[in-house]
Amino acid sequence: MIPASRFSASSKWWPGLVALLLTGPLSSRAQSVAAAPPLPAADTTTAVLPNPADAPRPVGTWPSSARRWQPVAPSLALPADSSGLSRRLPLLAGGLAVTYSGLLYVLDQGWYTGAKSSFHWFDDLAEWKQLDKAGHFWGAFHESRGAVDMLRWAGVPERRALWYGGFVGFVLQTPIEYFDGHDPAYGASATDLTANFLGSAGLIAQQLAWHEVRLMPKYSFHTTRYAGLRPNVLGKSLGEQHLKDYNGQTYWLCADLAAWLNPESRWPKWLQPAVGYGAQQMVFNDAHANAALGLQAYRQYYLTFDVNLLRIPTRSKLLKRVFYVASIFHLPAPALEYNSRNGLRLHGLYY
């Protein structure tokens, strides 16, 4: 993890996530849940037809005998015309490699400018109420999610796209720990690596179980007064505070409830319950230094609802891309908070 005087630990997900956002179109398959294609009209001819159950179905169709939504994985065979694969895959791989290498170079030159030491480890598990670990999980999950969908867009077969892209988040974030391991004031973090791995594994597990993401980790941020007490660590500008001020960060897990309900359910498909986690009064990791400012760090837990943008039907390719990227963030909503300091609190609008 990078020394707090330079950079915040949870901000180390940004090189890989930015690289994925800057390379290649996103798969339209991610929107199949939001706008399922209509069923074909019934055939009224008297000719003998093959059993409909034996006919292939496109991804995201409604099986005639099923009562609930069942996305169907596409064939593992390459398409008959592989020209799309031959053109798109090198473009995607080259764009990601160039962008990510450039970001690593900027990080190395811009942040790791001090003295270097031999590689060593540092245990930071107890710091920042583990919000930095939540950030690593969130970043790795969405880096892997983006990589899998980009490989699908490039024409890579479904199973290969999942396994090749599923661990991209872990792979992209691992080199950052190498840089940290050579910092004399800090060191590489085994728990950061574990959080990175769990983020990628969480994406793979859901795709294997459901062929889609039903439990989506999300992020939200609000400014706090604590950044002004230690701006060199918690951030001077708004952009820095997004990365560095853990007091303003909240991480969410949102459940796509409609995916488990029957199609005829009246539950709004775009509405999903969510739980959140945050913490306050973290200016220093040292409890005595915090106490000198009259502060005592504590955890916060939230219960709210979230908007599943991927469930909003639209034919606009631009909106689909916007919804895909924006789906990594929790939108402002009323929330119920619990913490050991103040008990239950109701927020009219929390983000």
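The rules behind these values
- Residues numbered from 1 in each chain as written.
- Predicted model: local features only at pLDDT ≥ 70, side-chain atom pairs only at ≥ 80, totals over all residues.
- Heavy atoms only, no water.
- Pairing = 2+ DSSP bridges.
- Helix = DSSP H or I, 4+ residues; strand = E, 2+ residues; numbered from the N terminus.
- Axes fitted to C-alpha atoms, helices over the stretch in contact; angles between N-to-C directions.
- Contact = heavy atoms within 4.5 Å.
- pLDDT = per-residue confidence, 0-100.
- Phe/Tyr/Trp six-rings, centres within 6.5 Å; stacked < 30°, edge-to-face > 60°.
- Lys NZ or Arg CZ within 6 Å of the ring centre and 35° of its normal.
- Parallel < 35°, antiparallel > 145°, perpendicular 65-115°, else oblique.
- Nonpolar A, V, L, I, M, F, W, Y, C, P; charged D, E, K, R; others polar.

Participant: So what's going on with the sheet that holds strand E4 (residues 298-307)? Residues and values would help.
Facilitator: In any sheet, the strands associate via hydrogen bonds between backbone groups, in a parallel or an antiparallel arrangement. Ordered in space as E1-E2-E3-E4-E5-E6, the six strands form an open sheet in which the pairing is antiparallel. Each of the sheet's edge strands pairs with one partner strand only, and the pair in question is strand E1 (215-221) and strand E6 (343-350). On average, each strand axis in the sheet is tilted by 25 degrees relative to the strand beside it, whichever way the strands run. The pairing of E1 with strand E2 (residues 249-255) spans seven bridges and is classified as antiparallel. For Tyr219, the partnering residue across the bridge sits in E2 and is Tyr251. Packing against the sheet, helix H3 (residues 131-153) makes contact with E1, E2 and strand E3 (271-280), and its axis sits at approximately 125 degrees to E1.

Participant: Quick one: what's the story with the confidence of the model for the chain, residue by residue and with numbers?
Facilitator: Predicted confidence across the chain gives a mean pLDDT of 81, with 74% of residues reaching 70 or more. Predicted confidence is poor over residues 42-49, with pLDDT under 50, and the contacts of this stretch with residues over four places away or in other chains come to one contact.

Participant: Any details on the packing of aromatic side chains? Residues and values, ideally.
Facilitator: Enumeration over the complete set of coordinates arrives at 19 aromatic pairs. Chaining the aromatic ring pairs together yields one cluster made of Phe119, Trp121, Tyr178 and Phe179. A cation over an aromatic ring shows up here: Arg145 above the ring of Tyr324, its NZ or CZ 4.1 Å from the ring centre.

Participant: Please give an account of the packing of H3 against helix H5 (residues 168-181) that cites residues and values.
Facilitator: Between H3 and H5, whose axes approach to 6 Å, the crossing angle comes to 130 degrees. Compared by their axis directions, H3 and H5 come out oblique. Contact residues: H3 offers His136, Gly139, Ala140, Glu143, Ser144 and Ala147, while H5 offers Val168, Gly169, Phe170, Leu172, Gln173 and Glu177. A breakdown of the residues in the contact of H3 with H5 according to their chemical character gives five nonpolar, five polar and two charged.

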